[in-house]
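Below are the chains, spelled out letter by letter.
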Amino acid sequence: MVTLGPFLKRELRLLARQKADWLNPVLFFVIVLSLFPLGVGPEPNLLRIIAPGVIWIAALLSVLLAAERLFKDDYRNGVVEQLVASRQPLLAFVLAKLLANWLSTGLPLVLLSPLVALLLNVDMASFTAMVLTLLLGTPLLSLLSVLGAALTVSADKGGILLALLILPLYIPLLIFASAAMEAAGMALPYHGQLAVMLAMLLFALALVPVAVTSALKINVS
Amino acid sequence: MRAIFPIVDSQRPVIKHQPFSVPVGQLLLQAQSLSCIRQDRVLFEQLSLQVHAGELLQVAGKNGAGKSSLLRLLAGLAAPDEGLLLYCQKPLADIATDYAANLCYIGHHSGIHEQLTALENLAFWRAAAGLPQADDFALLATLGLAGLEDIPCRMLSAGQQRRVSLARLWFSRSQLWILDEPFTALDQSAIAMLQQFFLQHLTCGGAIILTTHQPLSMVYDGLNTVELAYRW
């Protein structure tokens, strides 16, 4: 009986030992967002208008930054190959990777949202929308980036390929998430956008783990 | 779980809690006229072999002759370009999950994460084999790694890392082991110990397919060799 627990424990242990892997993307997110008020000027209204787009673009890029090395070590040291050979544990391994990836790159963005709201002069209504969209959107970002990482794991310089492959898939999320925040800023309802994001998340949740296991199988054969 | 015996006790009969699914002497794995082509080069063609329960098959051949490729085919990691693989008389593709559950494949790469300690690596492989967690201190001591359980594997020498990697066999419940160059980087005493342990597995009804450039020193009836010729 293969259980998820030990696999997740291993991933979290690795994250604790390789802090740069997840701290760098989180710092990148904060730095990019703190540069914007400096670059475009501290005009509060301007910042409020650009905030939704800027926050989400920074989130996309920071998650992408964390994705590249996701399977690299385990591919190089033969863990992936041997898990593919034994088949059964592969899905648990993938699910643990997904969960650990979200905990280390998605969750910090949600936790940092109050700071980001301060930096970009986000009002209370938009802030609520921002937290909700980040909660729904970051798991989807993790799912897609894990898929991209699995597809490009055997490519030597997979970074650019990964970005080309995954960024187009991020676009619907970017559109709906920033639309939700804009609607909230104008005191309009944004349930529709959230519902679409939830639908995308559930769709990805159902299909991506299977797609990742297949991608890993293809890459070792 | 199989009991762990130190080297001196290896002649003792092994008490097994669950026998292997295929009885000794029965046909376990069969390959029929396999071909393998890599980068337009035919590594081998019309290769047929049989492995019965209780047998060891050594795949020999020069560097680049296709030993690892053959092992990867047999492990179900890649599909042969031609030919058929049968496990218990059934095509491998049909019962891939059953086959994988009864297989322990340790490839050319160790399967050891360098940032994790020996204990943590073994805990991972226990979980991957669906086994409950257990205390591996005794096992690592048997393998001559006493005192090194708690340091990251990147600090260990190549031979010590190989020992950690092979430690998985000690708790494996799989009947068929496919091992790519298991003796690489090991010293003479470790090679002798590993061969003793192979002998135990074989006498219990297990089967082993391995590649090595070293002649095996073990004395056993069921030792077979396949020699792959290097082809242009």
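What comes next concerns the included structure. (Residues numbered from 1 in each chain as written. Chains lettered and ligands numbered in written order. Predicted model: local features only at pLDDT ≥ 70, side-chain atom pairs only at ≥ 80, totals over all residues.)

### Quick look at the overall build of chain A
Next, step 1: Scanning chain A from N- to C-terminus turns up 10 helices and zero strands.
Next, step 2: Seen in sequence order, chain A has helices and strands lined up from the N terminus as α-α-α-α-α-α-α-α-α-α.
Next, step 3: Scaling as 2.2 N^0.38, a compact globule of 221 residues should have a C-alpha radius of gyration of about 17 Å, and chain A matches this with 18 Å.
Next, step 4: Along the three orthogonal principal directions, the C-alpha set of chain A runs to about 55 × 35 × 30 Å.
Next, step 5: The buried share of chain A, reckoned over its 221 residues, is 46%. (Helix = DSSP H or I, 4+ residues; strand = E, 2+ residues; numbered from the N terminus. Rg over C-alpha atoms; globule rule 2.2 N^0.38 Å. Buried ≥ 20, exposed ≤ 12 C-beta atoms within 10 Å, placed from the backbone.)

### Details of the overall build of chain B
Next, step 1: Helix and strand counts for chain B come out as seven helices and nine strands.
Next, step 2: Taken against the 2.2 N^0.38 rule, which gives 17 Å for 232 residues, the C-alpha radius of gyration of chain B at 17 Å falls within 12% of a compact globule.
Next, step 3: Each of the three principal axes of chain B carries a C-alpha extent, and together these read 50 × 35 × 35 Å.
Next, step 4: Relative to its full complement of 232 residues, chain B shows a buried share of 40%.
Next, step 5: Taking the intrachain contacts of chain B between residues at least 6 apart in sequence as the baseline, contacts between residues at least 24 apart amount to 71%. (Contact = placed C-beta atoms within 7 Å.)

### Thoughts on the sheet that holds strand β5 (residues 90–91) of chain B
All names here are of chain B.
Next, step 1: The strand order across the open sheet formed by four strands is β2-β1-β4-β5, and the pairing between neighbours is antiparallel. Two strands close off the open sheet at either side, each with one partner strand: β2 (41–52) and β5.
Next, step 2: Of the pairings in the sheet, the one linking strand β1 (residues 27–38) to β2 comprises eight bridges and is antiparallel in character. By the bridge assignment, L27 is partnered in β2 with H52.
Next, step 3: Docked against the sheet, helix α1 (residues 67–74) engages β1, β2 and β4 (82–87), running at close to 130 degrees with respect to β1. (Pairing = 2+ DSSP bridges. Axes fitted to C-alpha atoms, helices over the stretch in contact; angles between N-to-C directions.)

### Quick look at unusual backbone geometry
Next, step 1: Phi at A187(A) is positive, roughly 60 degrees, even though this residue is not glycine.
Next, step 2: Positionally, A187(A) belongs in the loop between α9 (158–185) and α10 (191–220).

### Structural notes on the pairing of strand β6 (residues 103–106) of chain B
Residue and element names in this part refer to chain B.
Next, step 1: Burial along β6 is two-sided: the face carrying L103 and Y105 and the face carrying C104 and I106 are both buried.
Next, step 2: Bridge count between β6 and strand β7 (residues 176–180): four bridges; the pairing is parallel. When the bridges of β7 are listed, C104 appears paired with W177.

### Observations regarding the interface of chain A and chain B
Next, step 1: Taken together, the contact pairs 26 residues of chain A with 27 residues of chain B.
Next, step 2: With seven residues, helix α5 (residues 79–86) of chain A is the largest single contributor of residues to the side of chain A that touches chain B.
Next, step 3: Its residues assigned to classes, the side of chain A that touches chain B shows 11 nonpolar, eight polar and seven charged. (Nonpolar A, V, L, I, M, F, W, Y, C, P; charged D, E, K, R; others polar.)

### Comments concerning the nonpolar core
Next, step 1: Of all hydrophobic cores here, the largest spans 129 residues; its most connected members are I55(A), A150(A) and I178(B).
Next, step 2: Considering every element that reaches this core, the biggest residue donor is helix α8 (residues 124–151) of chain A, with 13 residues. (Core = buried A, V, L, I, M, F, W, Y, C linked by C-beta atoms within 7 Å.)

### Let's talk about the sheet that holds β6(B)
Each strand in a sheet pairs with its neighbour through backbone hydrogen bonds, running either in the same direction (parallel) or in the opposite one (antiparallel).
Residues and elements named next belong to chain B.
Next, step 1: A sheet is described by the order of its strands in space; here five strands give the open sequence β6-β7-β8-β3-β9, paired in parallel fashion. Where the open sheet ends on each side, the last strands, each with one partner, are β6 and β9 (223–228). Here the strands of the sheet are splayed against their neighbours by 15 degrees on average, with no regard to which way each runs.
Next, step 2: Where strand β3 (residues 56–61) meets β9, six bridges bridge the pair, whose relative direction is parallel. Across the sheet, L57 pairs through a bridge with N224, a residue of β9.

### A few points about helix α2 (residues 20–40) of chain A
The α-helix advances 3.6 residues per turn, and as a result positions three or four apart in sequence lie on the same side.
Residues and elements named next belong to chain A.
Next, step 1: For α2, with 21 residues, the first-to-last C-alpha span of 30 Å sits near the 30 Å given by 1.5 Å per residue.
Next, step 2: Listed as buried for α2 are W22, P25, F29 and L33. Seen end-on, α2 carries its buried residues on one side only, within an arc spanning 70 degrees. Relative to its buried face, α2 has exposed residues pointing more than 90 degrees away, namely A20, I31, L38 and G39.
Next, step 3: Elements that come into contact with the buried residues of α2 comprise α1 (4–17), α3 (44–67), α6 (88–111) and α7 (113–119). (Expected span 1.5 Å × (residues − 1). Arc of directions from axis to C-beta.)

### Structural notes on the packing of α6(A) against α10(A)
All names here are of chain A.
Next, step 1: Running from amino to carboxyl end, α6 crosses α10 at an angle of 115 degrees, the nearest separation of the two axes being 10 Å. For the crossing formed where α6 meets α10, the hand is right-handed. On the side of α6, the interface is formed by L90, L91, V94, L95 and L98, while α10 contributes P209, V212, T213 and L216. (Left-handed = near helix turned anticlockwise from the far one by under 90°.)

### Details of the environment of D136(B)
All names here are of chain B.
Next, step 1: Mapping D136 onto the fold places it in the loop between α3 (118–128) and α4 (137–142).
Next, step 2: Residue D136 is classed as buried on the basis of its 25 C-beta neighbours within 10 Å.
Next, step 3: As for D136 and F171, which are separated by 35 residues in sequence, their C-alpha atoms are 9.7 Å apart.
Next, step 4: Excluding residues within four positions of it along the chain, D136 makes contact with L119 and L122.

### With respect to α1(B)
Residues and elements named next belong to chain B.
Next, step 1: Of all eight residues in α1, seven are buried; the element is thus mostly enclosed.
Next, step 2: All of the buried residues along α1 are K67, S69, L70, L71, R72, L73 and L74.
Next, step 3: Phi turns positive one or two residues past the end of α1, at G76, with a value near 80 degrees.

### Things to note about the packing of α5(A) against α10(A)
Residue and element names in this part refer to chain A.
Next, step 1: Direction vectors running N to C along α5 and α10 enclose 110 degrees, while the axes themselves pass 10 Å from each other. As judged from the angle between their axes, α5 and α10 are roughly perpendicular. Only L216, K217 and V220 of α10 make contact with α5, whose side of the interface consists of V80, E81 and V84.
Next, step 2: Of the residues contributing to the contact of α5 with α10, the split by class is four nonpolar, no polar and two charged. (Parallel < 35°, antiparallel > 145°, perpendicular 65-115°, else oblique.)

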